[in-house]
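# Descriptive analysis of the structure
Each chain, written out:
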Amino acid sequence: MAQVLVIGDDLTGSNATGALYARQGLRAVTVGDLDRITRYADRVDVLVVNTASRHWSPARAYAAVRAAADTAGEAPLTVKRVDTTLRGNPGSELDAVVDALAAREPTARIRTLAVPAFPDAGRTTVGGLHLVDGVPLTRTAVAHDPFDPVRHARVAAVLGTQSGRSTAELALDVVERGPSAVAAALRASPADIVVCDATENAHLRTVAAAAARLATEDRVRWVALDSGPFGPALATEMGLRPEGGAPATVLAVVGSVTGRTRTQLARTETALGARWAELDPAAPDPDRVLTALRAAAGEGATVLGVRVAAEPPTAVPDPRTAARILRALADKGLVGGIFFVGYVFLQIPAAILAQRWSARKTVLILMVAWGLAASLSGLVQTKSQFYAARFVLGFFEGGVWPAVLILLASWFPLRERARANALWMACLPLSSVFMAPLSGWMLDHASWRWVLVLQGVPPLVWAVVWWFAVADRPAQARWISRAEAAHVERSIAADEAAKPPAGSGSYLDAVKQKPVLVLIGVYFFWITGFYGFNLWLPSVIKELTHDGSSTEVGLLTAIPFTVALAVMIANAAWSDRTGRRRRAVAVPLVVGIAALLLGQAVDGALPRMLLLCVTAAAVYAPYGPFWAIPGQLLRFEVVAVAMGLINALGNLGGFAGPYLVGWLTDTTGSSVTGFAVLSGFLAVAVALVTLGLRTGTRPVGRPSEPAVEGA
């Protein structure tokens, strides 16, 4: 059983607090997962649990801390570590700790000592006010913190905004009079929480001595709320000492090569008998490092480590290192941007080729090139090669979408077009249903290179199936009867004859029509808002898995896409049956707006997962009906360029969305703003499709009516 349980709200502070206990000879470890609490609770003296809850809502933070306290079980001393500037959720998290103790020890007299002072860091408490270098919190930068602005300098007021427990203050002059005076004041106070002034380390020790005395004499069960140094002082006064047993083996990995670091590591060798294996970053040899560590462990060393080999004394520091780091941080966004640049190139050319030449042959060529480009991405050796591979991959992949849409327009009359589109576009959620868990499993068992190489195989396999199974038009297919082919082509010809003339028949006249411009706007705002789902998905999955394996993440990721697949097909069938294209696009997006916004306000992994599934269904559902609308607006000879243009310009939303959210988050300090704006983009898409497409095409199966639909 651990002697001390510390629950912190961020990793840096949790680790720093654990180090303070380690300086007193107590074995400390920091964990972040609930399953690791039970693993280490009986192996260390101080168990530090990082809930990473500083920027969460009070209710969500309470639940996380309560779960950690319940899992950790009993410890002689429980400490709620708070930020040195009281940011986060100190009141609700303290309530969680006290409630957990009360449930476990219903007869115990539980009280809290709030001593947030950290004199060595310039944090002091005087008159109940918390100061940073002598300045009240409300006059420091933390009052303007974009994530957790501190509204009060008085500690009791900070706690009182989230906790309903009674609070009292212990003045500095009482602390100055020594442990007996402090003990008498604590004994006389009926408050649940006592905030203690302190301006130097001696004050912390005074309060700790008084609290330890009351723990023995009055059997008070203390909970310490502090920013670091008070907890170790109280542990010392309570007589908590390292437990016996063989010391655990420590493995350290150090990447710093500064002179200060080398000096510190040299001290570990003399004081702890540490053994370090050197790793040359220019030519890493993991087998040699592992052999050295095994040899050191065999000789009885309990502190083992890997450190980066020092540069030769003549080496000159490169002043461009910081710039290289910043460029590296931007690489991920650049990779996505390069893919997008390639993606838009073939939108219109591929659609025209499919319409004028052959959709079957166009898609075949693109799929083969797509598969090869995907596999080559796993064989690159440099960053420039990877960028080039991503561009080529987007280049060939981008042309498939409009070419297949042209093929479907050659096979399905308008009354079936939404279902046909949706069944084909089901590849979007379906690929995630299968590939998310499969990719996760592959990453657990193979390198990322093999994952990229193998993911280029399905397009190549499907290209063979495509060539033998697909024909450009019903009359060319060998697997349907002549009568069936003639019926399909007569239905499509009737649809074409009922459409308004295409003017001069030029592509320019087609794309200048108002409905085409409206569809471009709808698709742009829809796809921009769609990014809200993509942005939200990883955070919910991470919350559910607690940083689980790639396989586990993949399986959970597949759930929203499975729901989206079913709703997408059902919505398309309803659209074909009723002819209400606009409603089939607008209503799901309205549902998506509500689910996306509500998901940012609720707490709990399960409710968020349910709303995530609703959002997934909502943003995928419009695909079939939306892409049936251009075929109702334009004749076949000009619809190709319109579809290519809608897809190319509309997909700008997928490129702009990530940057917009990133900029808003940086500017406002809250991701909620980004989600709100993305929801606004979806709302604009709803307005455009509802108000901008009121006239100009007929309802499906009703040649005499001029409007898209009546609803």
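Parameters and conventions
Residues numbered from 1 in each chain as written. Predicted model: local features only at pLDDT ≥ 70, side-chain atom pairs only at ≥ 80, totals over all residues. Heavy atoms only, no water. Helix = DSSP H or I, 4+ residues; strand = E, 2+ residues; numbered from the N terminus. Buried < 20%, exposed > 50% of the residue type's maximum accessible area, 1.4 Å probe, protein only. Contact = heavy atoms within 4.5 Å. Areas by Shrake-Rupley, 256 points an atom, 1.4 Å probe, with all protein chains shown as cover. pLDDT = per-residue confidence, 0-100. Expected span 1.5 Å × (residues − 1). Arc of directions from axis to C-beta. Polar contact = N/O pair within 3.5 Å; in protein donor to acceptor, adjacent residues only side chain to side chain. Salt bridge = Lys/Arg side-chain N within 4 Å of Asp/Glu carboxyl O. Core = buried A, V, L, I, M, F, W, Y, C linked by side-chain atoms within 4.5 Å. Pairing = 2+ DSSP bridges. Axes fitted to C-alpha atoms, helices over the stretch in contact; angles between N-to-C directions. Parallel < 35°, antiparallel > 145°, perpendicular 65-115°, else oblique. Left-handed = near helix turned anticlockwise from the far one by under 90°. Nonpolar A, V, L, I, M, F, W, Y, C, P; charged D, E, K, R; others polar. Patch = residues over 30% accessible without salt bridge, like charges linked within 9 Å, V, L, I, M, F, W, Y side chains within 5 Å. 1 Å grid on protein atoms, 1.4 Å probe; cavity = no way out; pocket = protein on both sides within 12 Å on 5 of 7 lines; lining within 4 Å. Points joined across faces, edges and corners; volume = space filled by probe spheres on them.

## Side note on the overall build of the protein chain
- Helices and strands together make up the secondary structure of the protein chain, namely 29 helices and 14 strands.
- By the burial criterion, 49% of the 711 residues in the protein chain qualify as buried.
- The long-range fraction of contacts in the protein chain, counting pairs at least 24 apart against all pairs at least 6 apart in sequence, stands at 78%.
- Roughly 32100 Å² of accessible area belongs to the protein chain as shown, and the carbon and sulfur atoms make up 63% of that amount.

## Points about the confidence of the model for the protein chain
- For the protein chain, per-residue confidence averages 82 on the pLDDT scale, and 83% of positions sit at 70 or higher.
- Within the model, the stretch residues 314-333 combines pLDDT values under 50 with four contacts to residues more than four positions away or in other chains.

## Considerations on helix α1 (residues 11-22)
- An ideal rise of 1.5 Å per residue puts 16 Å on twelve residues; α1 measures up with 16 Å between its terminal C-alpha atoms.
- Within the sequence span of α1, burial applies to G13, S14, T17, G18, L20 and Y21. Down the axis of α1, the sector holding all buried residues measures 150°, keeping them to one side.
- Each element contacted by the buried residues of α1 is listed here: β1 (4-8), β2 (28-31), β3 (46-50), β4 (77-81) and α9 (230-237).
- Capping the start of α1, D10 holds a side-chain oxygen 3.2 Å from the backbone nitrogen of G13, two or three residues further along.

## Section: the pattern of salt bridges
- Applying the stated rule across the entire model yields 20 salt bridges.
- Here D10 and R54 are joined by a salt bridge, their closest N and O atoms 3.1 Å apart. You can see D10 sitting in the loop between β1 and α1 and its partner R54 sitting in the loop between β3 and α3 (58-72), a full 44 residues away along the chain. Grouping residues by exposure puts D10 and R54 together as buried.

## Details of the nonpolar core
- With 74 residues, the main nonpolar core has Y523, W526, Y620, Y623, F626 and W627 as its most contacted residues.
- Sequence-distant contacts of Y623, that is, excluding residues within four places in its chain, are made with W401, M425, L428, Y523, W526, I527, F530 and M568.
- Of all hydrophobic cores here, the second largest spans 38 residues; its members include L5, V29, Y40 and A100.

## Topic: the sheet that holds strand β13 (residues 275-279)
- Taken together, three strands build an open sheet; the order of strands is β12-β14-β13 and the sheet is parallel. Of all the strands in the sheet, just β12 (250-254) and β13 have a single pairing partner and so form its edges. Neighbour to neighbour, the strand axes of the sheet diverge by 20° on average, direction disregarded.
- One ladder, built from five bridges, connects β13 with strand β14 (residues 303-308); its direction is parallel. For W276, the partnering residue across the bridge sits in β14 and is G305.
- In the packing of helix α11 (residues 286-298) onto the sheet, contacts are made with β12, β13 and β14, and the angle to β13 comes to roughly 175°.

## Structural notes on the packing of helix α24 (residues 581-599) against helix α26 (residues 623-633)
- Close contact between α24 and α26 brings their axes to 9 Å; oriented N to C, the two are set at 150°. Put simply, α24 runs roughly antiparallel to α26. In the packing of α24 onto α26, the handedness of the crossing is left-handed. When α24 is examined against α26, the residues R581, A584 and V585 are found in contact with a partner set consisting of P625, F626, A628, I629 and Q632.
- In terms of residue class, the contact of α24 with α26 is built from six nonpolar, one polar and one charged.

## Description of a nonpolar patch on the surface
- Judged by side-chain polarity, W450, L454, V457 and V461 come together as a nonpolar surface patch covering roughly 390 Å² of accessible area.
- For the nonpolar patch, the secondary structure elements donating two or more residues are α18 (448-455) and α19 (457-469).
- Within the fold, L454 resides in helix α18.
- Take L454: its relative accessible area is 42%, and that puts it in the partly exposed class.

## Let's talk about empty space enclosed by the protein
- Per the stated rule, a full pass over the model turns up one cavity of 30 Å³ or more.
- Taken as a whole, the largest cavity encloses approximately 40 Å³ of empty space.
- The wall of the largest cavity is formed by A354, A359, I406, L407, S410, D472, R473 and F636.
- Put simply, the parts of the chain that give the lining of the largest cavity at least two residues each are α13 (347-376) and α15 (400-409).

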